Amino acid sequence: MAEDPFDGAIDAVGTGGVAAQDEVDADEWLRRMRHSAAHVLAQVVLQMFPDAKFAIGPPIETGFYYDFDLPRPLTPEDLSTIQKRMRKEMGRNHAFDWREIPVADAREMFADQPFKQELIDQFSADAEQLGICTHAEFTDLCQGGHVESTRQIGPFRLTNVAGAYWRGDETRPQLQRVYGALFATREELDAHFQRIEEAQRRDHRKLGRDLGLFAFSELVGAGVPLLLPDGAIIRQEMERLIRELQEARGYQEVWTGHVARGELFRRSGHLENYADVMYPAMREDPDDEDPEAYYLKPMNCPVHMTLYNHTLHSYREFPLRYAEYTTLYRYEKSGQLSGLTRVRSLTQDDCHIFITPEQISDEVSRVLELVQTLFETYGMPNFRYELSLPGESGKYVDDPGAWQTAVTALRSALDSAGIDYVEQEGEAAFYGPKADLFVSDAMGREWQLSTIQLDLIQPARLGCVYVAEDGERRTPVVIHRAIHGSFERFLGILIEHYAGNFPLWLAPVQARCIPIADRHLDWAREVAADLRAAGLRVDVDDGNERMQAKIRNGQKRKIPYLLVIGDREVDARAAAVRVRSGDDLGAKSLDEIRALLSDLRRRRAAEPA
RNA sequence: GCCGGCGUAGCUCAGUGGUAGAGCAACGGUUUCGUAAACCGUAGGCCGAGGGUUCGAAUCCCCCCGCCGGCUCCA
């Protein structure tokens, strides 16, 4: 999916439009099967809807899709009909015939296909011949990449139909996209669906419910997560960690509340560039354009800069690092909301660092070190960086020289940290370039967590200055950076990363005492009280169920340690330690248990897995 | 926001025009048991909200809201 399907690979066909299996490698063969399946899909859809306008049908990571403009929405029943007819067509063993024809012929051939006409416009800019591919009665404008015949196409299943804008542009017509999964073998196809099932078990929305971590309420509102006590514990541990790390690195905590006047956001540029995600102004008269109106903060930056302006600063104070852990409010469109990973009230570990231009590279390196330390603590290695640069559009104004300096400094900091990244033109924030860190959730969707942004615009707009060594007043550069991104999203990702099996330091309940019979309750309570006094989160299952049931409940709750207490343990002033993995560590003295758990907690160890 | 699907007990789901159901969870009682489910009982629902059709609506229609998948946009 990484490649732009419109970036025509018309000349990248190499072996030609059709190849035999032994002419290409396995990956290429799979791509060809998938793309060929898309052609059969289009063939069948055209049989069923002769007036259909068809767009594109590329191979993707797990299969293929094809986009259509149809007279009516496809139903799930249609999908299974289409699938049956596709299998039938594949069984007929139609050969794929690929060849090149002159542009003019292509235009004529696809005269009643407006999307194809647009593609012809695009491709004919630098080609006189265009590829077409025919099998059975169906011919498509196509850059090639096919198997020899339909019977060679591997096992597949149509999965869903979804809306998709033509060329990914929401101002253009929305088409119906039919998705299919396709793999080389039946086993791989089955494994694919098993992976999906496994991913669904990891889904933080399900685990959050099952483990009692968070909830949503229609009454409170969409996109506003309610952290239940156990979820709030995890979030508190996350905050505690980042506070420790940041205090150790010279950050100073500030507090600036939740609202600010519109005038501030007008000066910062937010109302001009960011209004679409800001909640509407809070004002007495809705028709009043009065700048006295207040807005919920979508970001902290303008407020932090105003706070900076409270006194005159010297270059000697730099880097000056303001940290705040506060909730911001963004009106995300309803279809964007997704559990904890996309919410409307989000809490950022949001900091603004005031520096001189010369300090950019060093300070970005320090931020990168902080990111690395945090991700190591969580044991999350699977992320990737993106360097977002300004593009052509007029959104990026002001000083082009400063932009260039900033981009160079950001790039060199990433390079010297040995970080791999991809550059994305046109993705910069309105105030500067940025480096973002992305991770994937259980369902394979990517989410941005950490962000490091250079700001070349707002400090000047808000009148930030510092006194330089030569006594002149200059405008500081500001680094905006959030390491978790938002605690909500990061929590969602963490839940999936651990599949709910939090390491001890994060676990809402770190150990549970399980007395076998009521006569063991006193010692169980004593053990719990002792461990609690040592700062551990420990409870006692004093219900009247059998021990087996209590163990089952504790396991389902994913509690790291279950401390089973019967006659032997009471006598020995001990508890039998069962680890979440199911391992039985046997009886251990209270002292040993306290030492074990305290050590894991203190080190924020990854254990128990 | 757009396209499609879906909203019945805390959770997983039955119920297709005629008096709202099951399992698990919860709660009460009995049981006091050695590493993933003891037994009995009780309670729990404006069937997402509002409107309409009908003698009668969880069920059919309209319109909101929410959730899920995708598209577009972003911590």
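Whatever comes next refers back to the structure up there.
Residues numbered from 1 in each chain as written. Chains lettered and ligands numbered in written order. Predicted model: local features only at pLDDT ≥ 70, side-chain atom pairs only at ≥ 80, totals over all residues. Heavy atoms only, no water.

Trainee: Please explain the overall build of chain A as it appears in this structure.
Mentor: Scanning chain A from N- to C-terminus turns up 18 helices and 28 strands. Considering only C-alpha atoms, chain A reaches an extent of 85 × 75 × 55 Å along its principal axes. Per-residue burial over chain A gives 51% buried out of 609 residues. Put simply, of all contacts in chain A between residues at least 6 apart along the chain, 72% involve residues at least 24 apart. Summing over all exposed atoms, chain A offers an accessible surface of approximately 28300 Å²; the carbon and sulfur share of this is 47%. Distance from the positive charge centre (72 side chains) to the negative charge centre (99 side chains) of chain A: 7 Å. (Helix = DSSP H or I, 4+ residues; strand = E, 2+ residues; numbered from the N terminus. Buried < 20%, exposed > 50% of the residue type's maximum accessible area, 1.4 Å probe, protein only. Contact = heavy atoms within 4.5 Å. Areas by Shrake-Rupley, 256 points an atom, 1.4 Å probe, with all protein chains shown as cover. Lys, Arg positive; Asp, Glu negative; His and termini not counted. Charge placed at Lys NZ, Arg CZ, Asp CG, Glu CD.)

Trainee: Explain the environment of Ser-589 to me, please; I cannot follow it from the model alone.
Mentor: Secondary-structure assignment places Ser-589 in strand S28 (residues 584-589). Filtering out sequence-adjacent residues up to four positions away, Ser-589 remains in contact with Arg-573 and Ala-574.

Trainee: Help me understand the side chain of Arg-321 in this model?
Mentor: Inspection of the secondary structure assignment puts Arg-321 in strand S15 (residues 320-329). Side chain to side chain, Arg-321 and Glu-363 meet in a polar contact 2.7 Å long. Ignoring anything within four residues of it in the chain, the contact list for Arg-321 reads Arg-249, Gly-250, Tyr-251, Gln-252, His-352, Ile-353, Glu-363 and Arg-366. (Polar contact = N/O pair within 3.5 Å; in protein donor to acceptor, adjacent residues only side chain to side chain.)

Trainee: Would you explain the side chain of Glu-363 in this entry?
Mentor: Among the structural elements, Glu-363 can be located in helix H11 (residues 360-378). For Glu-363, a relative accessible area of 1% gives the class buried. Within the structure, the side chain of Glu-363 is placed 2.4 Å from the side chain of Arg-366, a separation counted as a polar contact. Residues contacting Glu-363, with those up to four places away along its chain left out, are Pro-319, Arg-321, Ile-353, Ile-355 and Ile-479.

Trainee: Just to check I follow, could you spell out the protein's contact with RNA strand B for this structure?
Mentor: In the neighbourhood of RNA strand B, 55 residues make up the surrounding shell, with Tyr-165, Gln-174, Arg-342, Gln-448 and Asn-544 lying closest. In RNA strand B, atoms within 4 Å of the protein come from the sugar-phosphate backbone in 52% of cases. Between Arg-205 and RNA strand B, the recorded distance is 2.6 Å, taken from a side-chain N or O atom to a phosphate oxygen. Contact between RNA strand B and Arg-552: a base nitrogen at 2.7 Å from a side-chain N or O atom of the residue. (Near = heavy atom within 4 Å.)

Trainee: Quick question: what am I supposed to make of the sheet that holds strand S24 (residues 511-515) here?
Mentor: Two orientations exist for strands paired in a sheet by backbone hydrogen bonds: parallel and antiparallel. Here we have five strands laid out as an open sheet, ordered S25-S24-S26-S27-S28, and mixed in their pairing. The sheet terminates laterally at strand S25 (538-540) and S28, the two strands that pair on one side only. On average, adjacent strands in this sheet sit at an angle of 25° to one another, irrespective of strand direction. With five bridges joining them, strand S27 (residues 574-579) and S28 adopt antiparallel strand pairing. (Pairing = 2+ DSSP bridges. Axes fitted to C-alpha atoms, helices over the stretch in contact; angles between N-to-C directions.)

Trainee: Where do I start with the pairing of S24 in this structure?
Mentor: Burial analysis of S24 places five of its five residues in the buried class, the great majority of the element. Residues Ala-511, Cys-513 and Pro-515 point to one face of S24 and Arg-512 and Ile-514 to the other, with burial holding for every one of them. Taken together, the three bridges between S24 and S25 define a ladder with parallel strand orientation. Residue Ala-511 lies in a different strand from S25, and its bridge partner there is Val-538. Where the polypeptide runs from S24 across helix H15 (residues 521-533) and back to S25, its parallel neighbour, the crossover connection is right-handed. With five bridges connecting them, S24 and strand S26 (residues 561-565) associate as parallel partners. What sits directly across from Pro-515, in S26, is Ile-565. (Right-handed = clockwise from strand over helix to strand, strands pointing away.)

Trainee: So what exactly am I meant to see when it comes to the packing of aromatic side chains here?
Mentor: Summed over all chains, the structure comprises 20 aromatic pairs. Consider the rings of Phe-64 and Phe-156, whose centres lie 6.2 Å apart with planes at 55°: the pair is tilted. Note that Phe-64 is positioned in strand S3 (residues 63-69) and Phe-156 in strand S7 (residues 156-165), a separation of 92 residues in sequence. Here Phe-64 falls in the buried class, since its relative accessible area comes to 0%. Considering the side-chain rings of Phe-430 and Tyr-431, the 5.0 Å spacing of their centres and the 75° angle between planes classify their relative orientation as edge-to-face. Pairwise contacts between aromatic rings join Phe-375, Tyr-378, Phe-383, Tyr-385, Phe-490 and Trp-505 into one cluster. Directly above the ring of Tyr-65 sits Arg-177, whose terminal nitrogen or CZ lies 3.7 Å from the centroid. One cation-aromatic arrangement involves Arg-344 over Tyr-331; the distance from NZ or CZ to the ring centre is 4.2 Å. (Phe/Tyr/Trp six-rings, centres within 6.5 Å; stacked < 30°, edge-to-face > 60°. Lys NZ or Arg CZ within 6 Å of the ring centre and 35° of its normal.)

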